[in-house]
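Tertiary structure, described
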Amino acid sequence: MKIAGIVLAGGLSSRMGQDKAQLMMAEKTLLQRAVTLLGTLDLSHVFVSGAYVGFDCIEDHQVALGPIGGLHACVEQLFIEYDALFIVPVDMPLLGNEQCKWLLEQFKNHPQGVFYEHATFPMILPLTVLLKNYLAEVLSSSNNKQRSLYRLLKTVKLQPINYQIETCFRFQNSNTPEQWADCLQTYQALKEKQ
C-alpha cells in the first residue's frame, strides 16, 4: 500500500500572528520537524500542503478554506498514485514517532481510516471515491459549516482511536502565542527528564 505523508501547513496562522510553520524549536522550524517526523515512518513520500521553498509542496486550489482546502488539493493531486494519506498538522510539535507508528498499526485493522479521537490529528485517510467526491462537493458549497473536519470524519466514517492519557500532551496544538509558550515549556521539561 502506498501512503503519502502530508504536513498541513497552508493555514493563515492568524491567531498566532506569524507563520506557525517557521517557528523554531531546537534549531528546526516546525515545518522541518513535521517533515522529519513523517520521514521516520514507512511512507512512500512526504508532501507539504502549502507553499514553502525547498519542500515538495501541494498548494490549495482555493485559498483560505482551512484544512479542508488543503486536503482537497492533496487528494486531487495524489488520488491516482497513492492509496492513503497520513496527515499531521504543522502546529503539533510534541507529536512523536511512537504515536504515529501506533496509528499506522491501527490502520491495518481499520482500513476505512483512523484518527486520534480527542485530537483529530494525526489521521490516516484512504483515498476513496467517496472522499474525493465529498471534498469537491464541500468546496463548491457556500456554507462554511460544511467545511468542518468533524463533518468529514463522520461522512467517511473514520475509526476513532483513543490515546493513553499520559501521552495527551503530545497532541497539543500551537495556534496562539500562549499555546506555543506552553509547548516550548513542555518540550524543555521533556529534555530535562532525559
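For the structure, see preceding data.
Here is a short report on the structure shown in this document. (Residues numbered from 1 in each chain as written. Predicted model: local features only at pLDDT ≥ 70, side-chain atom pairs only at ≥ 80, totals over all residues. Heavy atoms only, no water.)

1. Some details on the packing of helix 4 (residues 129-140) against helix 5 (residues 149-156)
Which entries qualify depends on this criterion: Interaxial angles span 0 to 180 degrees and are taken between N-to-C directions of axes, which are lines fitted to C-alpha atoms, for helices over the stretch in contact. In DSSP terms, a helix is any run of H or I states spanning at least four residues, a strand is any run of E spanning at least two, and both are numbered starting from the N terminus. Left-handed describes a crossing in which the near helix is turned anticlockwise from the far one by less than a right angle; the clockwise case is right-handed. Note on contacts: a residue pair is in contact if any heavy atoms of the two residues lie within 4.5 Å. Note on residue categories: nonpolar means Ala, Val, Leu, Ile, Met, Phe, Trp, Tyr, Cys or Pro, charged means Asp, Glu, Lys or Arg, and polar means any other residue, Gly included.
Across the interface, helix 4 lies against helix 5 with an axial gap of 11 Å and an inter-helix angle of 145°. Seen along the crossing, helix 4 lies across helix 5 with a hand that is right-handed. Contacts between helix 4 and helix 5 pair Leu130, Leu131, Tyr134, Leu135 and Val138 from the former with Arg151, Leu152, Thr155 and Val156 from the latter. Among the residues forming the contact of helix 4 with helix 5, the class breakdown is seven nonpolar, one polar and one charged.

2. Details of the layout of surface pockets
For clarity, the threshold we go by: A cavity, in this analysis, means grid points on a 1 Å lattice covering only the protein atoms where a 1.4 Å probe fits yet has no way out; a pocket is instead an open set bounded by protein on both sides within 12 Å along at least five of seven lines, and a residue lines either one if it has an atom within 4 Å of a point. Grid points are joined across faces, edges and corners, and a volume is the space filled by probe spheres set on the points.
Here the largest pocket is characterised by a volume of approximately 660 Å³. Listing elements by their share of the lining of the largest pocket, those giving two or more residues are helix 2 (66-78) and helix 5. Looking at side-chain class alone, the lining of the largest pocket contains 16 nonpolar, 10 polar and five charged residues. The space that makes up the second largest pocket amounts to roughly 350 Å³. What lines the second largest pocket is a set of 20 residues, and nearest its centre among them are Arg33, Pro93, Leu94, Leu95 and Gly96.

3. Some thoughts on the pattern of salt bridges
Pairs can form between side chains of opposite charge whenever their charged atoms are close. Our working definition: One speaks of a salt bridge when a side-chain nitrogen belonging to Lys or Arg is within 4 Å of a carboxyl oxygen belonging to Asp or Glu. Only protein chains enter the calculation, and the probe is 1.4 Å; a residue is then buried if its accessible area is under 20% of its type maximum, exposed if over 50%, and partly exposed in between.
As enumerated under the stated definition, the model contains four salt bridges in all. As a salt-bridge pair, Lys2 and Glu81 come within 3.2 Å of each other at their nearest N and O atoms. Separated by 79 residues along the polypeptide, Lys2 in the segment before strand 1 (3-8) and Glu81 in the loop between helix 2 and strand 6 (84-89) bring together distant segments of the chain. Among the ionic pairs, Glu105 bridges to Lys108, the shortest N-O distance being 3.0 Å. Here the residue Glu105 and the residue Lys108 both occupy positions in helix 3 (residues 97-109), the gap between them amounting to three residues, near one helical turn. Accessibility expressed as a relative area gives 61% for Lys108, which makes it exposed.

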